[in-house]
Structures are given as structure tokens and as C-alpha cells.
Amino acid sequence: MVNKLILEIRGGAGGDEAALFAGDLARMYQRYAAKCGWAFNVTDYNETAGNGYKFFSARLSGTGCYDALKQESGVHRVQRVPSTERQGRVHTSTATVAVLPEVEPKEVNINMNDIEVSFSRAGGPGGQNVNKVETAVRITHKPTGIVIGSRAERSQHANREAAMSVLRAKLFEMQRTKEMSEFSADRRELVGTADRSEKIRTYNFPDDRITDHRFNVKVHDIESVLEGDLDKLLSKIAKGQVKE
């Protein structure tokens, strides 16, 4: 059983509203992790106005966390009236979610000559230390072009370790596909392109309904799910998987 995972969320189609929805999803998973007693450590983010995120990543650890959340990978679609909408029209926006198992260093061989490491001031919350000291780390894996950032930890060393952990998870995923072309196709299948027509799940606020399109699962009370009551949805999905 994999007890550690990497969570990545990106705002997709829909501009500011997509970023706000990505923020809603990030907080939903954080609240759910708290209810499950899992550790939830933010590694990197690109925050927008109104508590939205263009990009958000975190490391989760706890018994069964990967098995519980591995089906979350894909395009999530929201239908609702944005707070900035004056005409009361329902908008459709998306966010992509990727859930990757965290792997041990011995499982992935990384040539240190293949990575480029840069440091910067972290900024944001965390006190004066993160603003005065270059604790934020950005790692570029030159052969693949993968770029990983970590700035939420308080030390340069901790941020580097967090970034390397994410890099290992991504390279491990690539190793399993063996060829870069296969990886690109699998990655698109995993998280999609964030186009509105590609979705695994729709959060329909006017009807107060969440629909998982893969297993034809529907639940109501969106607000409670976004507050972290994700079990009501995940348990139904698990039953749907058994039927499949």
C-alpha cells in the first residue's frame, strides 16, 4: 500500500474562475486529509486574487492515502455563477488534478549532472525568514524539461528534498511507460488538456450535484464535499469500480 503521494492542481479553462475553482479543490483535499489524519504539506503554488491558484502542489502522507485519491486524477469541471458575474449567468470552468505515488530514492536513478538547481526568496506567509533568505528551490531536469519548485518549507535543504521527491515521482511515472512518446500520451490521458469537454467530474452548483462521469456516480450537497466530506463521493466511486 502506497502511503505517500504528490498532489498537483492547475487552473484550466475559464481564467480567474478556473483559478478560484482550483483553490476550492486544493482546500477540499486539505480538509479531507485532515479528517483522515493524513499529513498535508504544501510544496509550491502560484496564488491569484481571491484565494485562487493557477498552480498548487502538495505532498500527502498517511495510511492508504494514495489508494483513496488515485481516482482523482483528471479534469474537474465546475458550473456556477462566478462572484464577478453581474448578469447571473452560469459559467463553466475547469481545473486539472494529478495524483502521483511518491517513490523512494532507490527506485529512481537521477544523474545529478542532469539537474539544474536555483534558489530564490520564498515570499508569502511564513515570517521574515522566508523573505530574507533564499529558501525557495527550483529544480530543472534538463533531459525531460521538467521543472519543480518548492518554497513552503522553512529551509533550503527541506525545499530541495521536497522538490526532489516530486521530481522522482514524475520520473518514476515516465519510467513505467519506458518511452517518452508513451509518457506524453499517458500524461494527457491522466490529467487531460483542461478543455471543458474533457472531464471526469462535474460540480454543478445550480443543481447542487456532483457527477462522476466515469462511473455514473452522483451525489448532492456540493458545499459539504468541498468542506472535506469527500467520503460520500469516494465510497460510491469505489462501489462503481467493483461493478466495472
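Residues numbered from 1 in each chain as written. Predicted model: local features only at pLDDT ≥ 70, side-chain atom pairs only at ≥ 80, totals over all residues. Heavy atoms only, no water.

## With respect to the pattern of salt bridges
Inclusion rule: Every case where a carboxyl oxygen of Asp or Glu lies within 4 Å of a side-chain nitrogen of Lys or Arg is listed as a salt bridge. Every helix listed is a DSSP run of H or I at least four residues long, and every strand listed is a run of E at least two residues long, numbered separately from the N terminus. Categorising residues by exposure relies on relative accessible area from a 1.4 Å probe, with only protein chains included: less than 20% of the type maximum marks a residue as buried, more than 50% marks it as exposed, and the intermediate range marks it as partly exposed.
Evaluation of the coordinates by the stated rule reveals 14 salt bridges. Note that Arg201 and Asp212 form a salt bridge whose closest N and O atoms lie 3.2 Å from each other. You can see Arg201 sitting in strand E9 (residues 201–204) and its partner Asp212 sitting in strand E10 (residues 209–212), a full 11 residues away along the chain. By relative accessible area, Arg201 is classed as buried at 0%.

## Digging into the environment of Ser118
Under the convention used in this document: The contact criterion used is simple: two residues touch if any of their non-hydrogen atoms lie within 4.5 Å.
Along the polypeptide, Ser118 turns up in strand E6 (residues 115–120). A C-alpha to C-alpha distance of 9.5 Å links Ser118 and Glu134, two positions 16 residues apart in sequence. When neighbours within four sequence positions are excluded, Ser118 is seen to be in contact with Ala136, Val137 and Arg138.

## A word on the sheet that holds strand E2 (residues 39–48)
Using the following cut-off: Here, strands pair whenever DSSP counts at least two bridges between them. Every angle, taken between N-to-C directions, lies between 0 and 180 degrees, and every axis is a line fitted to C-alpha atoms, over only the stretch in contact when it is a helix.
Ordered in space as E2-E3-E1-E5-E4-E9-E10-E11, the 8 strands form an open sheet in which the pairing is mixed. Across the chains shown, the open sheet's two edge strands, defined by having one partner strand only, are E2 and strand E11 (217–220). Neighbour-to-neighbour, the strand axes of this sheet turn through a mean angle of 15°, independent of strand direction. As defined by bridge partners, E10 adjoins E11 across 4 bridges and the pair is classed as antiparallel. Paired with Thr211 across the two strands is Lys218, which belongs to E11.

## Comments concerning the sheet that holds strand E7 (residues 136–141)
The strands making up a sheet are joined through hydrogen bonds of the backbone, oriented either antiparallel or parallel. Read across the sheet, 3 strands follow the order E6-E7-E8 without closing on themselves; strand pairing throughout is antiparallel. This sheet does not close on itself; its edge strands, each paired only once, are E6 and strand E8 (146–150). Looking at each pair of strands side by side, their axes are set apart by 15° on average, direction ignored. Summarising the sheet, E7 and E8 pair through 5 bridges and their orientation is antiparallel. Considered in E8, the bridge of His141 is made with Ile146.

## Some points on the environment of Ala169
With respect to the helices, strands and loops of the structure, Ala169 is situated in helix H4 (residues 156–177). Given the relative accessible area of 2%, Ala169 is considered buried. C-alpha separation for the pair Ala169 and Leu100, spaced 69 residues apart in sequence, amounts to 6.4 Å. Apart from the residues lying within four places of it in its own chain, the contact partners of Ala169 are Ile6, Leu100, Pro101 and Val103.

## A closer look at the pairing of E9
Here E9 shows a buried face lined by Arg201 and Tyr203 and a second buried face lined by Thr202 and Asn204. Where strand E4 (residues 74–80) meets E9, 4 bridges bridge the pair, whose relative direction is parallel. Across the sheet, the residue bridging to His76 is Arg201, located in E9. Bridge analysis of E9 against E10 gives 4 bridges, and the strand direction is antiparallel. In the strand pairing of E10, Tyr203 is matched with Ile210.

## Things to note about unusual backbone geometry
Of note, the phi angle at Asn51 is positive, near 65°, even though the residue is not glycine. Mapped onto the elements, Asn51 comes out in the loop between E2 and strand E3 (52–61). A residue is classified by how much of its surface remains accessible, and Asn51, at 47% relative accessible area, is partly exposed. Not every positive phi belongs to a glycine, and Asn216 is a case in point at roughly 55°. Tracing the chain through its elements places Asn216 in the loop between E10 and E11.

## What about helix H1 (residues 16–36)?
For the record, the criterion: Each residue after the first adds 1.5 Å to the expected span of a helix.
The end-to-end C-alpha distance of H1, which contains 21 residues, comes to 30 Å, matching closely the 30 Å that a straight helix rising 1.5 Å per residue would cover. Positive phi shows up at Gly37, right after H1, with a value of about 80°.

## So, the side chain of Arg77
Worth spelling out the cut-off: Polar contact criterion, stated in full: a pair of N or O atoms within 3.5 Å, where within protein one must be able to donate a hydrogen and the other to accept it, and residues adjacent in sequence count only if both atoms are side-chain atoms.
With respect to the element layout, Arg77 can be found in strand E4. Judged by its relative accessible area of 15%, Arg77 falls in the buried class. Only 3.0 Å separates the side chain of Arg77 from the side chain of Thr202, close enough to count as a polar contact.

## Regarding the side chain of Thr48
Looking at the element boundaries, Thr48 is found in strand E2. What makes Thr48 buried here is its relative accessible area of 18%. In contact with Thr48, not counting residues within four places along its chain, are Ala19, Tyr53 and Lys54.

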